[in-house]
Each structure stands twice: as C-alpha cells, then as structure tokens.
Amino acid sequence: MNETARVVLVGYGEVGTKSSSVRAKMEERLRENLQAVLDDRSLSGRVERTWSRLRVVDADDPEAVAAACAEVPGVVWARPTVACEPTLDSMVTVCRDFAAEHPDGASFAIDADRIGPKENHGFSVRDIERDAGSAVVEATDAPVDLDNPAHTYRVECREDTAYVSIQKFDGPGGIPLGTQGKAVALISGGIDSPVAMWELMRRGCEIVPVYVDLGDFGGADHRARAVQTVRTIGRRAPNFDMRVHVVPGGDVVDRLMDTVDDTRMLSLRRVMLAIAAEVAAEEDAHSIVTGESLAQKSSQTGENLAVTSAATEYPVHRPLLTRDKTDIVAEARELGTFHDSTLPVGCERVAPSYPETNASLAAVERAEPDDLFDLAAEAARNRTRT
C-alpha cells in the first residue's frame, strides 16, 4: 500500500455475532447495500470486505461517504480515516498531522487498539497512546482528558494496516436490509407509520409499502405526502423496490360511514389489515407492519388491537407499541419524514364522535356489512404503484 491513503471504515454490530457462514452472507449484503447508496448519490468509492470490517477505498470525499454509509441499516458507525503503515512512527505522524485541525483548547484522548498476535508489532497499545498523545500535546498544548475528552484520536492497528481517525458518524445499527424476507408496511401518511417501517428495515426486512387512499376522506395532497415519506426513507435503500402500492379505498370507507357507528375505526383498521394481507400474499411477504402504539388512540387500546389483529392470519408487527409519542416524533425528525407527516391523517376524519375503546370481536363483526371484506379484496386488486 502507499505510505498513507484515505479510507472510510464501516463498523457493524450484531452481524459480528453470527456464525461464520451467516456472517459472510450478511457482510456481503451490507457491502452491496452500501455500494448502492454511494452509487445512487454519485459518491465515488468502492466498498470492500475485510476481516471484521467493511471499508470504502478510492473515495474522493471521505466525509460525505462516511455520512452516507451511516444511514444504512446494519451500520453502527462509519469513520473517515487515514490508512498508514502499521508502525509506531507512521501512526504518530498521522496523529500529529491531524493535530493541525485540533480545536483550540479542546481536551483530547488517544483511543488505540492493536489487533493480532503480539509478535506482529514491536510495541504495545500503551506505547501508541503515549507516543501519539505526546505528539498531539507538543503540536497543540491541549489538555489530556481520558474520561470525557472533547476530541478523540482513534487508532486501530492491524497486522498489515493501521487506521487513524478523528471523526465518527453514528449509524442506525441493526441487521443488513434484505436478509430477513419481506414485510408489508401500512403507510397512513401520519408520523408513526414511516418510523415503524424504518424499524423493520433496521431489522433486515425488505418493505412493501401500502397506502390505502380513503377517497374523499384522504385526497391527493395527503397521498403525495405519504408517498414522499417512503421516498425519503427509500434513499437509504436504493437497490430495493420501494414504490408505494396505492389502494383505492374510497368505496370501503363510504360503506363503513353508511353502516357502522362506534366501532367504525376498528372496522377500518381491520379492512386495512385485510388489504395488506392480500398484498402480502401476492408479494410473498411474511408479515404486516403498522405504526400503532399502545393507548395512543382509541383504536389502539389493548382490547381493540386484539380485535383488529383478528382480521388477518398474518403476524402484525407493531415496533412502536411501547414507544412514547415524543420518542417517535424525535425519530421522525432524524429520519427526515416529520415535515411530510404533519398533515392530519384522513382516518381521523372517519372516526365516530364516541369511539369504542373496549370492543369485543363478536360485536365488531356483527356491526360490519357482509360485503366489507369483499370490497377490501377488490380494492387491493385494483391498486397501482407509484
């Protein structure tokens, strides 16, 4: 290798705990996902697999590459680094060069690791930290703080290469997307459902987004915002088809408005799950995802969630079930979906004045018109993709 080179290191978490065969498959999937994001954003760089790390070489803009990598499910962190010879002098020299950018007066620490057998190197981790720390003090006169440093010099010395960095981009963690099959996500256009969709993506599930258009109770603007939230998250997974299945549900809603009173919202939720099940069967998905959170709304009490779940035999995942609304909003802001999710959702206009909060399945089924789920199946068949 050259004396020094700019390289982006990408770290993962749970992937490293898997068996060797599973780990290799997940690493390769993560490599493909990272490369797809870089290519989609016209960022130069080639993603390579190395032992316990992925790295990006030939990156013209390492900071932008690291920031993009840190958005990808399965990534715990990404660091723009300088790769150098695994000698004490080389690592100290790179730390001294980085010290030219050290903020005035900021405390610092050297965080070093030496990987591999002791005989590979003629120095210890303590030697790296002592000599590199002395070089930084000499260049900056900055104070050392090992407990809570304002600035950290990270040194990772391996058998053939050493990596030095001063910047880290935190990733979402989880499992590489595309390793855990498909799930259908019901996207309402509100704040919660895009976050729920993202949580399943973090756990490796390819997502089939479904938006049920409520006709006069929804509207083009509402649909456009729901679709935009999916596209915003989809930038993190450009090698997956995340076009939204738009289901014309206006006739179903009209039927409910004419026939069902206090359990209307529960029947609407049941219809949406039935529609999602139709899509899941065609798309070979194993489950359904919703943005429901326990007790957040009248339709989301424990009893009512049991009633709505009974509408399908597919597992219904509710990753936000125990999350507070403030936490969900914070995550939506971080994902960039909050702004497009703040239009009032159409289903709130369908809600009765006095909704049932403790429904029984038998009572809900008695109130539903006989053709309700036939209408749902027909609506699913008439869906389009955008």
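Since this is a predicted model, take the numbers as computed values, not measurements.

Considering the packing of aromatic side chains
So, step 1. In the structure shown here, the tally under the stated rule is one aromatic pair.
So, step 2. With 5.8 Å between their ring centres and 80° between their planes, F108 and Y153 make a pair best called edge-to-face. You can see F108 sitting in strand β5 (residues 108-114) and its partner Y153 sitting in strand β6 (residues 151-157), a full 45 residues away along the chain. For the pair F108 and Y153, a shared accessibility class is recorded, and that class is buried.
So, step 3. Looking at R79, its charged tip hangs above the ring of W77, at a distance of 5.8 Å from the centre.
So, step 4. The ring of W198 has R236 sitting right over it, with the charged end atom 4.8 Å from the ring centre.

Quick look at a nonpolar patch on the surface
So, step 1. Together, V137, V144 and L146 make up an exposed nonpolar region whose accessible area comes to about 280 Å².
So, step 2. The residue L146 is located in the loop between α4 (125-140) and β6 in this model.

Side note on the nonpolar core
So, step 1. Core analysis: the largest hydrophobic core is formed by 32 residues, its most contacted members being V184, L186, V210, V212, L214, L268 and I275.
So, step 2. Looking at this core element by element, the count peaks at 11 residues for helix α8 (residues 264-283).
So, step 3. Excluding residues that lie within four positions of it along the chain, V212 makes contacts with L186, V247, G249, M272 and I275.
So, step 4. Of all hydrophobic cores here, the second largest spans 30 residues; its members include A183, V195, M201 and L320.

Side note on the UniProt feature "domain: THUMP" (unreviewed entry) in the protein
So, step 1. In the numbering used here, UniProt assigns the feature "domain: THUMP" (unreviewed entry) to residues 63-168.
So, step 2. In residues 63-168, helix accounts for 32% and strand for 26%; the two terminal C-alpha atoms are 9 Å from one another.

Points about the side chain of R202
So, step 1. Tracing the backbone through its elements, the reader meets R202 in helix α5 (residues 192-202).
So, step 2. Of the polar contacts made by the side chain of R202, one reaches the backbone oxygen of P172; its length is 2.9 Å.
So, step 3. Excluding its chain neighbours within four sequence positions, the residues that come into contact with R202 are P73, P172, G173, G174 and I175.

Looking at the pattern of salt bridges
So, step 1. By the definition in use, this model includes 32 salt bridges.
So, step 2. Notably, a salt bridge pairs R130 with D127, separated by 3.1 Å at the nearest N-O pair. Of the two residues, R130 and D127 are both situated in helix α4; the distance of three residues between them amounts to about one turn of the helix.
So, step 3. Judged by relative accessible area, which is 40%, R130 ranks as partly exposed.
So, step 4. For D127, a relative accessible area of 18% gives the class buried.
So, step 5. Note that R383 is salt-bridged to E282, the shortest N-O span being 2.9 Å. Linking R383 in the loop between α12 (372-381) and β14 (384-385) with E282 in helix α8, this pair joins segments that are 101 residues apart in sequence.
So, step 6. According to the relative accessible area criterion, E282 is exposed, its value standing at 51%.

Points about helix α3 (residues 88-98)
So, step 1. Where α3 is concerned, the buried positions are L88, S90, M91, V92, V94, C95 and F98.
So, step 2. Buried positions along α3 lie against β1 (4-12), β4 (75-84), α4, β6 and β7 (162-165).

Regarding the packing of α8 against α12
For any two helices packed against each other, the geometry comes down to the angle between their axes and how far apart the axes lie.
So, step 1. Following both chains from N to C, one finds α8 and α12 inclined at 45°, their axes separated by 9 Å at the closest point. With respect to each other, α8 and α12 are oriented oblique. Like other packed secondary-structure pairs, α8 and α12 cross with a definite hand, here right-handed. In this structure, α8 contributes S267, R270, V271, A274, I275 and E278 to the contact, and α12 contributes L372, F373, A376, A377 and A380.
So, step 2. Among the residues making up the contact of α8 with α12, the classes are represented as eight nonpolar, one polar and two charged.

What about the pairing of strand β10 (residues 206-213)?
So, step 1. Among the eight residues that make up β10, seven are buried, leaving the element largely enclosed by the rest of the structure.
So, step 2. One crossover worth recording links strand β9 (residues 182-186) to the parallel β10 by way of α5, and it is right-handed.
So, step 3. The sheet contact formed by β10 and strand β11 (residues 245-248) spans four bridges and is parallel. Opposite Y211, over in β11, you have V246 as the bridge partner.
So, step 4. In terms of handedness, the path from β10 via helix α6 (residues 220-234) over to β11 forms a crossover that is right-handed.

What counts and how
Residues numbered from 1 in each chain as written. Predicted model: local features only at pLDDT ≥ 70, side-chain atom pairs only at ≥ 80, totals over all residues. Heavy atoms only, no water. Phe/Tyr/Trp six-rings, centres within 6.5 Å; stacked < 30°, edge-to-face > 60°. Helix = DSSP H or I, 4+ residues; strand = E, 2+ residues; numbered from the N terminus. Buried < 20%, exposed > 50% of the residue type's maximum accessible area, 1.4 Å probe, protein only. Lys NZ or Arg CZ within 6 Å of the ring centre and 35° of its normal. Patch = residues over 30% accessible without salt bridge, like charges linked within 9 Å, V, L, I, M, F, W, Y side chains within 5 Å. Areas by Shrake-Rupley, 256 points an atom, 1.4 Å probe, with all protein chains shown as cover. Salt bridge = Lys/Arg side-chain N within 4 Å of Asp/Glu carboxyl O. Core = buried A, V, L, I, M, F, W, Y, C linked by side-chain atoms within 4.5 Å. Contact = heavy atoms within 4.5 Å. UniProt positions renumbered as here; feature names shortened; annotations may be inferred. Polar contact = N/O pair within 3.5 Å; in protein donor to acceptor, adjacent residues only side chain to side chain. Axes fitted to C-alpha atoms, helices over the stretch in contact; angles between N-to-C directions. Parallel < 35°, antiparallel > 145°, perpendicular 65-115°, else oblique. Left-handed = near helix turned anticlockwise from the far one by under 90°. Nonpolar A, V, L, I, M, F, W, Y, C, P; charged D, E, K, R; others polar. Right-handed = clockwise from strand over helix to strand, strands pointing away. Pairing = 2+ DSSP bridges.

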